[in-house]
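Inside the fold
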Amino acid sequence: MVPVKMEPDRRWERRLSAQTNESIIMGFNEDSLTDTTADGCVEESMFLYPQLQGFHSLQALVPSLLRHEVETALEKLDLIWDRTFAWDMFLDMMRTQAINTLPNADLPRHFTDSTRSVLVDWLIQVHEMMHFQEETLYLAINLLNRSLRVIKVTTVNLQLLGMVCVFLAAKKEECLLPEVSGLCYLMDHTYTKHQLLRMERKVLLALKFDLSYCPPLHFLLVLASIARCSAKVVWMARYLLELSLLESQCVVFLPLQLAGSVLCLSRQILQEPLTPEGEAAWCLASSVHVGSETALLRIMHTLAGAAAKAHTRETCATFIKFSSPETMYVSLHPGLKNIAALLGVCT
């Protein structure tokens, strides 16, 4: 491309205009740059059409350092094959994350939040038993959330729907798939192979074969890498993020919002001292726009409550999973048991 000669005082403005469609709007807590819905969630247009905003703020410019850190994080996490396309991939994650996020937390009339929570807890156990990747779990729950809104399913067939969502997620994310008969065995042969495959076709048709989803786990790992978070902070954040799957209120939030919130809450719980370099890294990670402070605090309050009651449940697969040495026993951290202290920190 032949460079166009510009006046010095207009060059920066032209550059901003040309690069806006490849920018991440900055300002972690800048409510003035945030369009929110009635429940505090960022509207879809913010991420699908970033060129509509940020023209009047230098914060709309992406520092080259942030781009470098994002590319390094994606490469280190093995989320890309070629670093050349790392930044484009991250921009695509930002733009498309709202596509399959639900507009509200309403469930079909004959289902309750408790019923959904029990089902999700069981699916987490199935996922653990199958040794599937974490991405499979987040996609399965997203498919379940979406399916409940578009398919008429009775309470009797709710378990079948959940298993089908896990099966579809595995088909997209896993290399090795379980036999259909094995899935029926996990459901105590309550349903036949024919019923499972028929439900699978029903779900695929209802979702128009759209199984796309950018899990909040990817955003969490990228932000944690940029912020130079310790292993314990990351495990605590992953624990809180998985607890969000059990909370129906969290389905309306964008993946990046969930990731940013659990990372903030994890740092507050563990209270690890940061070096000056660590503080600078955290500020850089926090510059990625994740919505209004109101939305972040709402998520943090919800998950603080979920973490405080997790150890009191008779069965909580996530609590058990994250109480192991491999996860640094984060679900057993004493700070999680005192909801008053957690909510006080988040206020």
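Residues numbered from 1 in each chain as written. Predicted model: local features only at pLDDT ≥ 70, side-chain atom pairs only at ≥ 80, totals over all residues. Heavy atoms only, no water.

Moving on, we come to the overall build of the protein chain. Summing up its helical and strand segments, the protein chain has 16 helices and zero strands in all. By the burial criterion, 53% of the 347 residues in the protein chain qualify as buried. Partitioning the intrachain contacts of the protein chain with sequence separation of at least 6 by distance along the chain shows that 80% fall at a separation of at least 24. If you sum the accessible surface of the protein chain, you get close to 17,200 Å²; carbon and sulfur atoms cover 56% of it. (Helix = DSSP H or I, 4+ residues; strand = E, 2+ residues; numbered from the N terminus. Buried < 20%, exposed > 50% of the residue type's maximum accessible area, 1.4 Å probe, protein only. Contact = heavy atoms within 4.5 Å. Areas by Shrake-Rupley, 256 points an atom, 1.4 Å probe, with all protein chains shown as cover.)

Another aspect to go through is the confidence of the model for the protein chain. Chain-level statistics for the protein chain give a pLDDT mean of 81 and a share of 78% at 70 or above. Scored below 50 in pLDDT, residues 1-61 makes 102 contacts in the model with residues more than four places away or belonging to other chains. (pLDDT = per-residue confidence, 0-100.)

So, on to the side chain of H333. By the secondary structure assignment, H333 is in the loop between α15 (317-321) and α16 (339-346). Engagement of the side chain of H333 in a polar contact is seen with the backbone nitrogen of G335, the distance being 3.0 Å. In this structure H333 touches M236, I269 and L270, once residues within four positions along its chain are discounted. (Polar contact = N/O pair within 3.5 Å; in protein donor to acceptor, adjacent residues only side chain to side chain.)

Before going further, it helps to examine helix α7 (residues 158-173). With 16 residues, α7 extends 23 Å between its outermost C-alpha atoms, agreeing within 8% with the 22 Å of an ideal straight helix rising 1.5 Å per residue. In terms of residue burial, α7 counts as a mostly covered element, since 12 of its 16 residues are buried. Residues L158, L160, L161, G162, M163, V164, C165, V166, F167, L168, A169 and A170 constitute the buried set of α7. Those residues of α7 that are buried are in contact with α5 (113-130), α6 (134-150), α8 (180-186) and α9 (193-206). (Expected span 1.5 Å × (residues − 1).)

Our next topic: the packing of aromatic side chains. Inspection of the entire model under this criterion finds four aromatic pairs. Consider the rings of W235 and F322, whose centres lie 6.2 Å apart with planes at 65°: the pair is edge-to-face. Within this pair, whereas W235 is found in helix α11 (residues 231-243), its partner F322 is found in the loop between α15 and α16, the two being separated by 87 residues in sequence. Under the relative-accessibility criterion, F322 is labelled buried at 3%. Between R267 and the ring centre of W282, over which it is positioned, the NZ or CZ distance is 4.0 Å. (Phe/Tyr/Trp six-rings, centres within 6.5 Å; stacked < 30°, edge-to-face > 60°. Lys NZ or Arg CZ within 6 Å of the ring centre and 35° of its normal.)

Within the largest apolar cluster, 106 residues are counted, with the highest numbers of intra-cluster contacts made by F90, L196, Y239 and L263. A domain-level breakdown of this core finds at least three residues from each of domain 1 (113-207) and domain 2 (216-343). (Core = buried A, V, L, I, M, F, W, Y, C linked by side-chain atoms within 4.5 Å. Domains from an automatic or database assignment.)

Moving on to unusual backbone geometry. Here the phi dihedral of H189 falls at roughly 55°; this positive angle occurs in a residue that is not glycine. With respect to the helices, strands and loops of the structure, H189 is situated in the loop between α8 and α9. Although it is not a glycine, Q271 sits at a positive phi angle of roughly 50°. By the secondary structure assignment, Q271 is in the loop between α12 (255-270) and α13 (276-286). A relative accessible area of 53% places Q271 in the exposed class.

Below, the discussion takes up helix α14 (residues 293-310). Between its first and last C-alpha, α14 extends 25 Å over 18 residues, near the 26 Å set by a 1.5 Å rise per residue. Those residues of α14 not exposed but buried are A295, L296, I299, M300, T302, L303, A304, G305, A306, A307, A308 and A310.

What follows concerns the packing of α11 against α14. Contact geometry for α11 and α14: axes closest at 9 Å, N-to-C directions at 95°. Accordingly, the angle class assigned to the pair α11 and α14 is roughly perpendicular. Residues Y239, L240 and L243 of α11 touch α14, and the partners they reach there are L303, A306, A307 and A310. Of the residues belonging to the contact of α11 with α14, the class tally is seven nonpolar, no polar and no charged. (Axes fitted to C-alpha atoms, helices over the stretch in contact; angles between N-to-C directions. Parallel < 35°, antiparallel > 145°, perpendicular 65-115°, else oblique. Nonpolar A, V, L, I, M, F, W, Y, C, P; charged D, E, K, R; others polar.)

The next thing to look at is the pattern of salt bridges. What the rule picks out here adds up to 10 salt bridges. Salt-bridge contacts for R67 lead to E71; the nearest nitrogen and oxygen are separated by 3.3 Å. Pair noted here: R67 and E71 are both in helix α3 (residues 64-76), with a separation of four residues, about one helical turn. The partly exposed category is assigned to R67, whose relative accessible area is 37%. (Salt bridge = Lys/Arg side-chain N within 4 Å of Asp/Glu carboxyl O.)

Mapped onto the fold, L256 is located in helix α12. Sequence separation between L256 and M94 is 162 residues; the distance between their C-alpha atoms is 8.0 Å.

Let us look at the side chain of E134. Following the sequence through the fold, E134 ends up in helix α6. The side chain of E134 is buried and forms no salt bridge, while K321, the nearest opposite charge, is found at 4.2 Å. The contacts of E134, once residues within four sequence positions are left out, are H127, L217, R238, E242 and K321. (Lys, Arg positive; Asp, Glu negative; His and termini not counted.)

To continue, consider the environment of L297. Turning to its location among the elements, L297 is positioned in helix α14. In sequence terms L297 and S261 are 36 residues apart; their C-alpha atoms lie 7.5 Å from each other.

What follows covers the packing of helix α10 (residues 216-226) against α11. Packed helices, taken two at a time, are described by the angle their axes make and the gap between the axes. In contact at an axis separation of 11 Å, α10 and α11 are set at 160° when each is read in the N-to-C sense. In this view, α10 runs roughly antiparallel relative to α11, as classed from their interaxial angle. You can see that α10 and α11 cross each other, and the crossing is right-handed. Between α10 and α11, the residues in contact are P216, L217, L220, L221 and A224 and V234, A237, R238 and L241, respectively. (Left-handed = near helix turned anticlockwise from the far one by under 90°.)

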